[in-house]
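Topology and contacts: notes
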Amino acid sequence: VVSLPYLLPLTVYYYQCEVDEVETPVFSFTSSSPKAHNTTISIVGDMGITNSAKTMELMGNDVVNGSTKLSLHVGDISYADDRVSPNSAIWDEFFSRMETTAASAPYMTGPGNHDAQYNFAAYRNRLTMPEAGNGAADAPFYYSFDFAGIHFVMMSTEHNFSRGSAQNEWLEKDLALANQNRANVPWIIVTGHRPLYCSGAAGTLLGRCTTEAEKHREAVEDLLHTYGVELYICGHNHQYERTAPVYNNTKVSDSYDNPTATTYIVNGSGGNTELEDPFFFPNPGWRMAGNGFFGYVRMEVTFTEVQAQLGVSFIRDDTGKAVDEFTITKPL
């Protein structure tokens, strides 16, 4: 790990790596800024290497053409645990394929259930993320950061986040501070691997969208609502699904104009085909969109003098086109 603590904001830097006298190409990246500014962010989940080439190509192109300045991966990264051990070559192959995306823009991750093999050993050793700093044993798996006017909270739903847990107490303190800083960082987005709201067929039959989701809502939904979190984005179910602003299992509004409740997105369509699911149970009253295509979420962040906008699109991997779009707005 190389620490670069004194970078100027929004500045292009060039770097090159050398391993055993073998040099990589020269890469570049643009340093970030926590201050609000227009940018594009890619978000993906449940990827692996068997069916993700098109999604990886599109995400990489977004970085190369200068639009995407940050990529988030909400768990289930390489799916090496699906292969016979030793399976470190799967992680090697995954990162080789993700080089275009990760070499020139931040690639920030949270763990999923398929990253848990050997007590998350590969995840911990290959992905050096910030840590919560609360002294808890599971602190290396959750963290937060500010980027382009958004406060991102990367939860770990693979570790205890129930009420009274170290992660839950950290989450409340973090959200409270972020909510007090809205003048400087207007948006709050929380990510985790497991859904709080979903209605997919496989997820429902497996209990992910019923008993499990209810348990997760009991743990953190009140916190997300109290501190005005605009978006919760997860994976786990291998499909795309979007809710209306919702609280306590009830749709609050059809509008995303300055909403008073959180919108939930399931974004587990990065490529893995296990339990690939294009089907949904009857609409529970809050589902606004859903599909079984593979792809990723592209988020356009825009600020004007009077308004902030999060333009969210689900990009289908085989066409590169958006098949779901909506925009959250709020006054400044």
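Refer to the structure above for everything that follows.
This is a predicted model, so every value here is computed, not measured.

Some words on the side chain of T204
Of note, T204 is situated in helix α6 (residues 201-205). For T204, a relative accessible area of 17% puts it in the buried group. Looking at T204, its side chain comes within polar contact range of the main-chain oxygen of G200, at 2.7 Å. If we skip the residues at most four places from it in the chain, T204 touches S199, C209, T210 and F281.

Points about the packing of helix α2 (residues 88-97) against helix α4 (residues 117-126)
It is the contact of α2 with α4, at a shortest axis distance of 12 Å, that shows an interaxial angle of 35°. Relative to α4, α2 is oriented so that their crossing is right-handed. Touching S88, W91, D92 and F95 of α2 are A122, Y123 and R126, all from α4.

Section: the pattern of salt bridges
Taken as a whole and assessed by the stated rule, the structure comprises 12 salt bridges. Of the charged contacts, one joins R97 and E93 as a salt bridge, the two residues approaching to 2.7 Å between their closest N and O atoms. Placement of both R97 and E93 in helix α2 is noted, with a separation of four residues, approximately one turn of the helix. Judged by its relative accessible area of 35%, R97 falls in the partly exposed class. Judged by its relative accessible area of 32%, E93 is partly exposed. Between K330 and E230 there is a salt bridge whose closest N-O contact spans 3.0 Å. In this pair, K330 sits in strand β19 (residues 322-331) while E230 sits in the loop between α7 (208-226) and β11 (231-234), placing the two residues 100 residues apart along the sequence. A relative accessible area of 8% means that E230 is categorised as buried. It is possible to trace a salt-bridge network through shared partners that takes in E158, R194 and E212.

Focus: the sheet that holds strand β12 (residues 240-243)
Across the sheet, which stays open at both edges, the seven strands sit in the order β8-β9-β10-β11-β15-β12-β16 with mixed pairing between neighbours. Two strands bound the open sheet, and with one partner strand each, they are β8 (143-147) and β16 (287-291). The mean angle between the axes of side-by-side strands here comes to 15°, regardless of whether they run parallel or antiparallel. Two elements, strand β9 (residues 150-154) and strand β10 (residues 187-191), share five bridges in a ladder whose sense is parallel. In the sheet register, I150 faces β10, and the bridge partner there is W187. Relative to the sheet, helix α5 (residues 166-180) contacts β8, β9 and β10, its axis offset from that of β9 by approximately 175°.

Here is what the cut-offs are and how they apply
Residues numbered from 1 in each chain as written. Predicted model: local features only at pLDDT ≥ 70, side-chain atom pairs only at ≥ 80, totals over all residues. Heavy atoms only, no water. Helix = DSSP H or I, 4+ residues; strand = E, 2+ residues; numbered from the N terminus. Buried < 20%, exposed > 50% of the residue type's maximum accessible area, 1.4 Å probe, protein only. Polar contact = N/O pair within 3.5 Å; in protein donor to acceptor, adjacent residues only side chain to side chain. Contact = heavy atoms within 4.5 Å. Axes fitted to C-alpha atoms, helices over the stretch in contact; angles between N-to-C directions. Left-handed = near helix turned anticlockwise from the far one by under 90°. Salt bridge = Lys/Arg side-chain N within 4 Å of Asp/Glu carboxyl O. Pairing = 2+ DSSP bridges.

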